[in-house]
Amino acid sequence: MRLDPVTLEIVGNRLTAMTEEMCLTLQRTSRSLYVKETADFCCAFAGLDGGFAAYPGGMGVSGFVGLNVLTAVEAAGPLEPGDVIITNDPYRSGGLATHLTDIQLIEPYFHEGELIGYGWAFIHCSDIGGRVPSSLSPVNDEIFQEGLQIPPVKLVRAGVPVRDVEALIAANSRTPEANEGDIRAMRAALRTGRERLAGVIAQHGVRTVLAAQDDLVAYTADRARAALASLGDGTHRFVDYLDDDAVSGIPVRLSVTATLSGGSLHLDFTGTDPQVAAAFNIATLGRPHAWITTRVLALICTLDPGIALNAGLIAPISVTTPEGSLVNPVSPAAVGVRHASANRVNDAVGGALGLAAPHVLPAASSGLVVPVVVAEQRGARQNVQVLEPMVGGTGAREGADGVDGRDSGISNLSNNPVETVETEIGAQILAYRLRPDSGGAGRWRGGCGLELTFRVLGEGSKLLARGLERMCFRPWGVRGGGPGAPTELIVNRGTPHERRHYKIDVLPLSPGDVVTLLTSGAGGYGDPFTRDPEAVRRDVERGVVTREAAARTYGVVLADGPDGAPAVDEAATRAARAEPAPLTATGPERQAWESVFDTGSVDRLVTALFRLPQAARTPRRTALYSAVLARLPEGFPRTPPTSGQAEDARRTLAAEITELERAAA
């Protein structure tokens, strides 16, 4: 460390404040609902190595603190003052962009002709072209379907906008005015950063600012290692699943082995399924990318709440991500719905680290982020808006219930005010509330999911809901806690025209249709029959647990008190708790799935698949699973098999794996 601690603290706070002011500038001058209200954006200051030396605390998307701008900078060529680089290409930007709707701007900051760092801003744009409105669909099977790919190029050259680039972007979007407004807001944010950085240099000197870049990151790295060292050494493995790939209907496995050693952490994703012919792949390029390290960053910040947000947080983390896997796909794999897989990575990493620190890590969160998009026709143009970025709750942990209706596991997006939504799009919000009985039961209850119900008003409207997950495999509980309720998507619920959907691409809607999305609840922690009956009574009074569930799941019997409010019937509760009800931590669906597709067999399967040429993996995997699933009841694993069906399927699986291993040898 080259700077004294006092100077480092002062300069670090100045740089962090600078990034926060950049964020405020961007949000207050942005055009689209998803930026100005939902806050799917961020700004930061990167050092000369491309890593973020200063990052805002509690503003914008916090999980991207581990990204790096250097690959994009080098690809754009020699830089001069006044340049601004634009890109949205995950592969050509080195993973800086994570899907095409995330537009990145980078401005080199100079002082007296010397490069001293980079300003960075990103926004999630409403539409960047592609096959569907809002660009993103789970069934896209290559990135070319997801919109305009912008390699790192100069949007502004020496202070002069490159009009050809601007025209190209505008011509490839259904929402060009909104995109233009948001890009101008990013440029304003970068200008704010440049001006504020000049003020820091004027007060402290350019050498101090350059030294602070390294020292801030190094100091955070030391504290991050100390936090991880407190967990002790050891190796722990956890497996979790995406419900399916939206194309084949076959679940997708994520496996992570976490090795803690002397304050370092290695995450090995060997055993994770190959990349899919759908949009769930995460373009990490084999690096400890933000989308696969987010849970670790959250853990470090939990263990050390005073730690600064910068690139030092990922310094203790290394990864193994097999090339061609879901977490390290080969271009041109589609990546538009990568956040669904990132959620499951979060859960798997949390499950593995929870084995190391069960008193620190919570049960599974609801495990989904679903931007509910409505696209409507307005004359010759389409109006594309995100009604709400729907999430669920957070997992319960030792000593505390999960948070209801709020999950910042992979993002800290805000919800949109109902009044603003109804102004921007032809929809009437009928309900936006907590979902009763959705949180996993436990001594500490999992956070509840949400309900969003809205009526479509306009002609020619379409619904997109990318990121629908946990519709089959429920968020798991720990240490005796139960799973959360699964996600449901229903059109015209409770009417003769009711339709239930799983993952959707583009769902046409008629005027008057009522859409209901019920998000999954989070997992519970501990035996629910040991939960304080008074806590259960309060849950019933608040409406997050029904009386029936209180009796069935918690063994708490309630009667009407003198004032009509629920009161605990202590004698009936003691009797009910004398015979605890059986409870599976993962839910019946995962239990049924793993009764056939056990961990050891699937390890062999995945290993053999990776011996095949990349192009052969997906078709062979689909054929193998289809042969086994043909032996099981329709609707499996939601419909459990008989013992005979399960045994027949296991024999078929063993034979299919043996044949695959011969073919791959």
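Definitions and cut-offs
Residues numbered from 1 in each chain as written. Predicted model: local features only at pLDDT ≥ 70, side-chain atom pairs only at ≥ 80, totals over all residues. Heavy atoms only, no water. Helix = DSSP H or I, 4+ residues; strand = E, 2+ residues; numbered from the N terminus. Rg over C-alpha atoms; globule rule 2.2 N^0.38 Å. Buried < 20%, exposed > 50% of the residue type's maximum accessible area, 1.4 Å probe, protein only. Contact = heavy atoms within 4.5 Å. Areas by Shrake-Rupley, 256 points an atom, 1.4 Å probe, with all protein chains shown as cover. Salt bridge = Lys/Arg side-chain N within 4 Å of Asp/Glu carboxyl O. Pairing = 2+ DSSP bridges. Axes fitted to C-alpha atoms, helices over the stretch in contact; angles between N-to-C directions. Arc of directions from axis to C-beta. Polar contact = N/O pair within 3.5 Å; in protein donor to acceptor, adjacent residues only side chain to side chain. Phe/Tyr/Trp six-rings, centres within 6.5 Å; stacked < 30°, edge-to-face > 60°. Parallel < 35°, antiparallel > 145°, perpendicular 65-115°, else oblique. Left-handed = near helix turned anticlockwise from the far one by under 90°.

Caption draft 1: Main features of the overall build of the protein. Each helix and strand counted, the protein has 16 helices and 22 strands in total. The C-alpha atoms of the protein give a radius of gyration of 25 Å, which matches the 26 Å a tight globule of 665 residues would have. Taken across its 665 residues, the protein has 58% of its residues classed as buried. Summarising the internal contacts of the protein: among those between residues at least 6 apart in sequence, 72% fall at separations of at least 24. Counting every atom, the protein has about 24000 Å² of accessible surface; 51% of that belongs to carbon and sulfur.

Caption draft 2: Up close: the pattern of salt bridges. Applying the stated rule across the entire model yields 47 salt bridges. A salt bridge links Arg537 to Glu534; its shortest N-O distance comes to 2.7 Å. Highlighted residues: Arg537 and Glu534, both in helix α10 (residues 533-542), separated by three residues, approximately one helical turn. Here the residues in one salt-bridge network are Asp240, Asp244, Arg344, Asp347, Glu469, Arg470, Lys503, Arg590 and Glu594, joined through shared partners.

Caption draft 3: Representation of the sheet that holds strand β15 (residues 450-456) within the structure. Taken together, five strands build an open sheet; the order of strands is β14-β15-β20-β17-β18 and the sheet is antiparallel. This sheet does not close on itself; its edge strands, each paired only once, are β14 (427-434) and β18 (499-501). Put simply, the sheet's adjacent strands are angled 15° from each other on average, direction ignored. Sheet topology note: the strand β17 (residues 488-491)/β18 ladder contains three bridges and is antiparallel. In the strand pairing of β18, Ile490 is matched with Arg500.

Caption draft 4: Seen up close, helix α13 (residues 588-596). Taken together, the buried positions of α13 are Glu589, Arg590, Ala592, Trp593 and Val596. The buried residues of α13 occupy an angular sector of 160° when the element is viewed end-on, so they sit on one face. Buried residues along α13 sit against β8 (234-242), α15 (614-629) and α16 (643-664).

Caption draft 5: Structural context of the sheet that holds strand β10 (residues 264-268). Taken together, four strands build an open sheet; the order of strands is β8-β9-β10-β11 and the sheet is mixed. Every other strand in the sheet has two partners, leaving β8 and β11 (317-320) as the edge strands with one partner each. For this sheet, the mean angle separating the axes of adjacent strands, direction not counted, is 20°. One ladder, built from five bridges, connects strand β9 (residues 252-261) with β10; its direction is antiparallel. Bridging from a neighbouring strand, Thr259 pairs with His266 of β10. Across the sheet, helix α7 (residues 290-303) lies against β10 and β11, angled at about 145° from β11, the strand it touches most.

Caption draft 6: Looking closely at the environment of Gln275. Topologically, Gln275 is positioned in the loop between β10 and α7. Given the relative accessible area of 11%, Gln275 is considered buried. Each C-alpha atom of the pair Gln275 and Ala334 lies 9.4 Å from the other, and the pair is 59 residues apart in sequence. Once residues lying within four places of it in the same chain are set aside, the contact partners of Gln275 are Asn281, Gly324, Ser325, Leu326, Pro329, Val330, Ala333, Gln614 and Thr618. Polar side-chain contacts of Gln275 include one of 2.8 Å to the backbone nitrogen of Val330.

Caption draft 7: Fine view of the packing of aromatic side chains. Scanning the model with the defined rule gives 15 aromatic pairs in all. With a centroid separation of 6.4 Å and 25° between ring planes, the pair formed by Tyr55 and Trp120 is classed as stacked. Here Tyr55 is found in the loop between β2 (52-54) and α3 (70-75), whereas its partner Trp120 is found in strand β5 (residues 114-124), with 65 residues between them in sequence. For Trp120, a relative accessible area of 0% puts it in the buried group. Ring plane angle 50° and centroid distance 4.9 Å describe the contact between Phe238 and Trp476, whose orientation is recorded as tilted. Here Trp476 lies in the loop between β16 (461-465) and β17 and Phe238 lies in strand β8, a separation of 238 residues in the sequence. Accessibility expressed as a relative area gives 5% for Trp476, which makes it buried. Put simply, the rings of Phe52, Tyr55, Phe64, Trp120, Phe122 and Trp291 touch in pairs and so form one group of aromatic residues.

Caption draft 8: Quick peek at the side chain of Thr19. Positionally, Thr19 belongs in helix α1 (residues 5-29). With sequence-adjacent residues up to four places away left out, Thr19 is seen in contact with Cys43, Ala44, Phe45, Ala54, Tyr55 and Pro56.

Caption draft 9: The pairing of strand β3 (residues 84-87), seen in detail. Burial along β3 is two-sided: the face carrying Val84 and Ile86 and the face carrying Ile85 and Thr87 are both buried. Direction of pairing for β3 relative to strand β6 (residues 153-157): antiparallel, over a ladder of three bridges. The residue bridging Ile86 from the neighbouring strand is Val153, located in β6. Two elements, β3 and strand β4 (residues 102-111), share three bridges in a ladder whose sense is antiparallel. The residue bridging Ile86 from the neighbouring strand is Leu105, located in β4.

Caption draft 10: The packing of helix α14 (residues 599-609) against α15, seen in detail. Where α14 meets α15, the closest approach of the two axes is 10 Å, and the angle between their N-to-C directions is 150°. Between α14 and α15, the crossing angle belongs to the class labelled roughly antiparallel. Crossing hand, α14 versus α15: right-handed. In this structure, α14 uses Val602, Leu605 and Leu609 to contact α15, whose residues at the interface are Arg617, Arg620, Arg621, Leu624 and Tyr625.

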